[in-house]
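# Chains, contacts and geometry: an overview
For reference, the chains in residue letters:
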There are 2 protein chains.
Amino acid sequence: MKLPDTVIRYAQETLRDLVALPSVSAERRALPETARRVKELLEELGLEAEIHPTPGAPVVYAEGGEGGPTVLFYNHYDVQPADPLELWESDPFTMTEREGHWYARGVSDDKGELTSRLAALRWLIDEHGKLPFRVKFVVEGEEEVGSPNLEAYVAQNRQRLQADAVIWEFGSVDTSGRPLVYCGLKGIVAVELRVRTAGYDLHSSLGAVVQNPIYRLAAALASLRDNDGKVLIEGFYDRVRPLSEAEAESLQTIPDESEQVAALYGVKGFLGGAEGVEFYRRLAAEPVVNVNGFHSGYGGPGSKTVLPAEAFAKLDFRLVPDQEPLEVVELLRAHLERHGFDDVEVITLEAGEHPARSDLGAPWVRQAVEALRETYGLEPVVHLSSGGSGPMYPFTHHLGAPVVSIGISYPGSRVHSPNENIRIADFERGVAAIKRALEKFAGL
Amino acid sequence: MKLPDTVIRYAQETLRDLVALPSVSAERRALPETARRVKELLEELGLEAEIHPTPGAPVVYAEGGEGGPTVLFYNHYDVQPADPLELWESDPFTMTEREGHWYARGVSDDKGELTSRLAALRWLIDEHGKLPFRVKFVVEGEEEVGSPNLEAYVAQNRQRLQADAVIWEFGSVDTSGRPLVYCGLKGIVAVELRVRTAGYDLHSSLGAVVQNPIYRLAAALASLRDNDGKVLIEGFYDRVRPLSEAEAESLQTIPDESEQVAALYGVKGFLGGAEGVEFYRRLAAEPVVNVNGFHSGYGGPGSKTVLPAEAFAKLDFRLVPDQEPLEVVELLRAHLERHGFDDVEVITLEAGEHPARSDLGAPWVRQAVEALRETYGLEPVVHLSSGGSGPMYPFTHHLGAPVVSIGISYPGSRVHSPNENIRIADFERGVAAIKRALEKFAGL
């Protein structure tokens, strides 16, 4: 399934153009011109494209093709900042080829992924003279800053965006080269906890009579989970949807690489001694509370006899269907109150993202898996959910469409880091796999 | 009991000279020349003075006088750093008089206190032509950095330092002007706790499988005490000496200012709802664990989805007789191990200081109290111990002498802070009180 030279050339030129636009959403750089370039690219494929304003960066929307089912691509044209610049071996906004890799910010996340889909469509058009099924594109410009306007956009354009299947923005092979399919993402909600016990920092000799905010916050955090990671907040699991038989079975098919992962991260073992199926079940389907940071008082060398007046911690909750982000914050508040921590203030840092999971048994999921199997000659690894979070819920919830996450990256892609790169061979296989999946979907 | 002009002038000139020497022990500034100046001052009073080297700053030792009992003065010639300089209203190393106050670093702690004792001796010599009892001085240069060499010095010079009574380096009136007497100090030992769970910081989505060091450290801290401050470390209270009847009674005589203290510190109430006798009992006689600082992971604005690899906290234990600082560290280690916290590393930051407490019934304590009552015309407030810590134990333990802490400062002296000051009227009364105490002690 070798790519025609025209498609390879098209892809290379397209990606080179896109990464040259420094569309860093955190810095609000080059967003309108990158949106315009994406619109032009979609129009060149014969699609009708529009730029839809949002309260933040605009969404590029496009649709086209005739007959058959409708597939919607979700991608984003914004990228992470390139810092630290000094660690890049070549300019982050100039696509550079070295030893079979392309290097640049966005070459994987997400301009490379977007380009692979454009290239697959270009190939299909070259073969059929037109697109023999319907496609829609939603390409946003704020994914790297938490997609604050995407859910409202999808909800408002619900009719227009109707689709039979969604291809998610990102995908990868694993370390052994097996193609991965993710059918869900965890939800997330982030909060800060604050305790203040005095008007100002005091001498620690007063600890005999004055409450210590670090102790209070530590005790509050310790009350939230047990040592194996089980969350002790009353009602936290109430909305958790049990795994279906198919979902539970899918965990059995994942090759166990937990030992290699432990070595990679420098950990002695996993929570609750998890390995194999349980390791992957936790990553995909176990909701958890994480503490991201805790700061109070003295942190310099030696000791300082201070009794701090205030302490704070930052937490994120990773959620699974059908947990509700803001409801979890309310459960946290109720838990703290019930356990006597009414001195612990809860501040919601972000509205959060809902968890999302597609039906593993949907024909679209099976078709995507078959396409990957045929293209890679290896058995794909199907994950019912990534451990990470992202704005998948607006699509599963408002459109009701099954979503698969497949793509052209690999574990060394250094997404969000210096020297972001993809292997050209992965890219070409990824384009072929997307094309094959679309063909299967359209019954071609 | 008005001070003679010669004594006032002597005191003012002496203190002005001493504070002009920037003897900041943390910065190792001007320590030898300040020691020499103290030696000269002691010699000018007719005492035999020597400079005794230690592994750190030298000790100035002096003795003199004839007949009667022996009183030992413990003082120090080093001071805290003057930072932040911009908050001083006059130069920290130039004694400045404003509205009945003297301002400078050390004007209270401890050059002002030392000067008050020299002035009292000068006054006695002026009256009697000589010192009609024995005095000894131990003036060290490392009190502000934890007196690391003092205990060894006292132990090695145990014979030479023998005394019937000790006057401690510091004293004060309370907010109502009542003179305070402290007869003890709490001990202290400082440790750091560290937890590392991974080789490097990870993405927080991995919190589903990787242990969180903040949770571990928070749970460990939460296990050390209960909400009222009771320490839950097994064996922690085993060596605590119950209060004698006289000690328990002394708590009843302290005027209850706990409500004013709460307002001053901006706290809503005290640990365990303490007030009155219980408030003062806790400050004087309750051993506690304090957390001075806790740091790990993200502390900036908003949220960051990081799973930190490491967390640390700094603690101090405030101890009472007969707890042993290093034994408490061993009890802490055993507690952590017993409760499954064998991943929490314990690092002892300082060797610590033993608690010390003098016999409230010793004649010397009664004589000091009588002298204060006569001088101030107010009932002195006797505290069996300060809530703070200091190197009193070498004197009570190796010399077996009763110690009282009386002096010339007031609650607004801003010790260790910018604009350190004393009220000149307090200084003069303090000199008179020291003189009166010495006279009573010597039966004059």
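Residues numbered from 1 in each chain as written. Chains lettered and ligands numbered in written order. Predicted model: local features only at pLDDT ≥ 70, side-chain atom pairs only at ≥ 80, totals over all residues. Heavy atoms only, no water.

### Concerning the overall build of chain A
Heads up, the rule is: In this description a helix means any DSSP run of H or I spanning at least four residues, a strand means any run of E spanning at least two, and both kinds are numbered starting from the N terminus. Just to be clear, the radius of gyration here is over C-alpha atoms, and the globule rule we use is 2.2 Å times residues to the power 0.38. Each residue is placed in one exposure class: buried if its accessible area under a 1.4 Å probe, protein chains only, is under 20% of its type's maximum, exposed if it is over 50%, and partly exposed if it falls in between. All accessible-area figures derive from a Shrake-Rupley calculation using a 1.4 Å probe, and residue coverage is judged against the displayed protein chains alone. Under the counting rule used here, the positive set is Lys and Arg, the negative set is Asp and Glu, and His together with the chain ends is not counted. Where a charge lies is defined by one atom per residue type, namely NZ (Lys), CZ (Arg), CG (Asp) and CD (Glu).
A count of helices and strands for chain A gives 13 helices and 19 strands. Computed over C-alpha atoms, the radius of gyration of chain A comes to 24 Å, within 12% of the 22 Å expected from 2.2 N^0.38 for 444 residues, which places it in the range of a compact globule. Referenced to the eigenvectors of the C-alpha coordinate spread, the extents of chain A come out at roughly 80 × 50 × 45 Å. Relative to its full complement of 444 residues, chain A shows a buried share of 62%. Carbon and sulfur atoms make up 49% of the accessible area of chain A, which totals about 16600 Å². For chain A, the centre of its 44 positive side-chain charges and the centre of its 67 negative side-chain charges are spaced 1 Å apart.

### Re the sheet that holds strand S5 (residues 101-103) of chain A
All names here are of chain A. Where we set the bar: Two strands qualify as a pair provided DSSP detects at least 2 bridges between them. Interaxial angles span 0 to 180 degrees and are taken between N-to-C directions of axes, which are lines fitted to C-alpha atoms, for helices over the stretch in contact.
Taken in spatial order, the 3 strands line up as S4-S5-S19 in an open sheet, and their pairing is antiparallel. Of all strands in the sheet, those bounded by a partner on one side alone are strand S4 (96-98) and strand S19 (421-423). Across the sheet, the mean angle separating the axes of adjacent strands is 25° when strand polarity is ignored. In this sheet, S5 lies alongside S4 in antiparallel orientation, the contact comprising 3 bridges. Pairing of Arg98 across the sheet is with His101, part of S5.

### Quick look at the pattern of salt bridges
Filter applied, for reference: The term salt bridge refers to a pairing of a side-chain nitrogen on Lys or Arg with a carboxyl oxygen on Asp or Glu at a separation within 4 Å.
Enumeration according to the criterion identifies 72 salt bridges over all chains in this entry. Between A:Glu310 and A:Arg194 there is a salt bridge, with its nearest N and O atoms 3.4 Å apart. In this pair, A:Glu310 is assigned in strand S14 (residues 310-319) and A:Arg194 in strand S10 (residues 187-196), connecting sequence segments 116 residues apart. You can call A:Glu310 partly exposed: its relative accessible area is 29%. For A:Arg194, a relative accessible area of 22% translates into the label partly exposed. The salt bridge partner of B:Glu127 is B:Lys435, with a shortest N-O separation of 3.1 Å. Of this pair, B:Glu127 sits in helix H3 (residues 111-128) while B:Lys435 sits in helix H13 (residues 424-441); the two residues are 308 residues apart in sequence, bridging distant segments of the chain. Among the residues examined, B:Glu127 registers a relative accessible area of 46% and is labelled partly exposed. Several salt bridges converge on common partners, so that one network encompasses A:Glu127, A:Glu370, A:Glu374, A:Lys435, A:Arg436, A:Glu439 and A:Lys440.

### Digging into the relation of the copies chain B and chain A
Inclusion rule: Here the copies are superposed with least squares, the fitted atoms being C-alpha atoms of residues at a pLDDT of at least 70 in both. When checking whether two residues touch, look at their non-hydrogen atoms; a contact exists if any pair is within 4.5 Å.
Superposing chain B onto chain A requires a rotation of 180° together with a translation of 0.4 Å along the rotation axis, leaving an RMSD of 0.3 Å. What the rotation and shift describe, once combined, is the action of a two-fold rotation axis. A symmetric contact is evident, with 100% of the interface residues of chain B recurring at the interface of chain A.

### Observations concerning the packing of aromatic side chains
Our working definition: In this analysis, rings of Phe, Tyr and Trp, with Trp reduced to its six-membered ring, are considered paired at centre separations within 6.5 Å, and the interplanar angle assigns stacked below 30 degrees, edge-to-face beyond 60, and tilted for intermediate values. Only when the NZ of Lys or the CZ of Arg is both within 6 Å of the ring centre and within 35 degrees of the ring normal is a charge said to sit over the ring.
Evaluation of the coordinates by the stated rule reveals 21 aromatic pairs over all chains. Taken together, a centroid distance of 4.7 Å and an interplanar angle of 20° make the contact between B:Phe73 and B:Phe137 stacked. Of this pair, B:Phe73 sits in strand S3 (residues 70-76) while B:Phe137 is found in strand S6 (residues 134-140), placing the two residues 64 residues apart along the sequence. Judged by relative accessible area, which is 0%, B:Phe73 ranks as buried. Three or more aromatic residues joined by ring pairs form one cluster here, namely A:Tyr74, A:Trp168 and A:Phe395. Taking the ring centre of B:Tyr215 as reference, the NZ or CZ of A:Arg225 above it sits at 3.8 Å. A cation sits over an aromatic face here: B:Arg98 above B:Tyr103, 4.0 Å from the ring centre.

### A closer look at the domain arrangement of chain A
Residue and element names in this part refer to chain A. Formally: Domains are outlined according to an automatic or database domain assignment. Defined in terms of a 1.4 Å probe, buried area is the accessible area two parts forfeit on being brought together, summed over both. Here a polar contact is taken to be a pair of N or O atoms separated by no more than 3.5 Å, where protein atoms must pair a possible hydrogen donor with a possible acceptor and residues adjacent in sequence count only if both atoms sit in side chains. Throughout, the ten residues Ala, Val, Leu, Ile, Met, Phe, Trp, Tyr, Cys and Pro are labelled nonpolar, Asp, Glu, Lys and Arg are labelled charged, and all others, Gly among them, are labelled polar.
The domain boundaries assigned to chain A delineate domain 1 (5-185 + 355-441) and domain 2 (187-240 + 287-348). Each of domain 1 and domain 2 was reduced to a C-alpha centroid, and the two centroids are 38 Å apart. Contact with domain 1, which involves 7 residues of that partner, is made by 7 residues of domain 2. Of the roughly 530 Å² buried at the junction of domain 1 and domain 2 (both faces included), carbon and sulfur atoms supply 57%. Together, Pro355, Arg357 and Ser389 form the three largest contributors to the area buried by domain 1 at its contact with domain 2, with a combined 83%. Viewed at the interface, domain 2 and domain 1 are joined by 0 salt bridges. Our count for the contact surface shared by domain 1 and domain 2 stands at 2 residue pairs in polar contact (both at pLDDT 80 or more). Of the residues in the side of domain 1 that touches domain 2, the class split is 3 nonpolar, 3 polar and 1 charged.

### A closer look at the interface of chain B and chain A
The interface is formed by 65 residues belonging to chain B together with 65 residues belonging to chain A. Both sides of the chain B and chain A interface together cover about 5200 Å² of buried area, and 57% of this is carbon and sulfur. Joining chain B to chain A, the criterion identifies 0 salt bridges. At the junction of chain B with chain A, the criterion picks out 41 residue pairs in polar contact (both at pLDDT 80 or more). Counting residues per element, the side of chain B that touches chain A draws most heavily on strand S12 (residues 288-297) of chain B, at 9 residues. Considering only residue class, the side of chain B that touches chain A consists of 31 nonpolar, 23 polar and 11 charged.

### Focus on the sheet that holds S3(B)
Residues and elements named next belong to chain B. One open sheet accounts for 6 strands, arranged S1-S2-S6-S3-S7-S18; its pairing is mixed. Two strands bound the open sheet, and with one partner strand each, they are strand S1 (48-52) and strand S18 (403-404). By the bridge criterion, 2 bridges tie strand S7 (residues 165-167) to S18 in an arrangement that is parallel. Bridging across to S18, Ile167 finds its partner in Val404. Across the sheet, helix H2 (residues 31-44) is in contact with S1, strand S2 (59-64) and S6; its angle to S1 comes to roughly 165°.

### Points about the UniProt feature "domain: Peptidase M20 dimerisation" (unreviewed entry) in chain A
Heads up, the rule is: UniProt positions are given in the numbering used here, feature names are shortened, and annotations may be inferred rather than shown by experiment.
Sites flagged by UniProt as "domain: Peptidase M20 dimerisation" (unreviewed entry) map to residues 184-341 of chain A. Across residues 184-341 of chain A, helical content stands at 32% and strand content at 23%; the span's end C-alpha atoms are separated by 35 Å.

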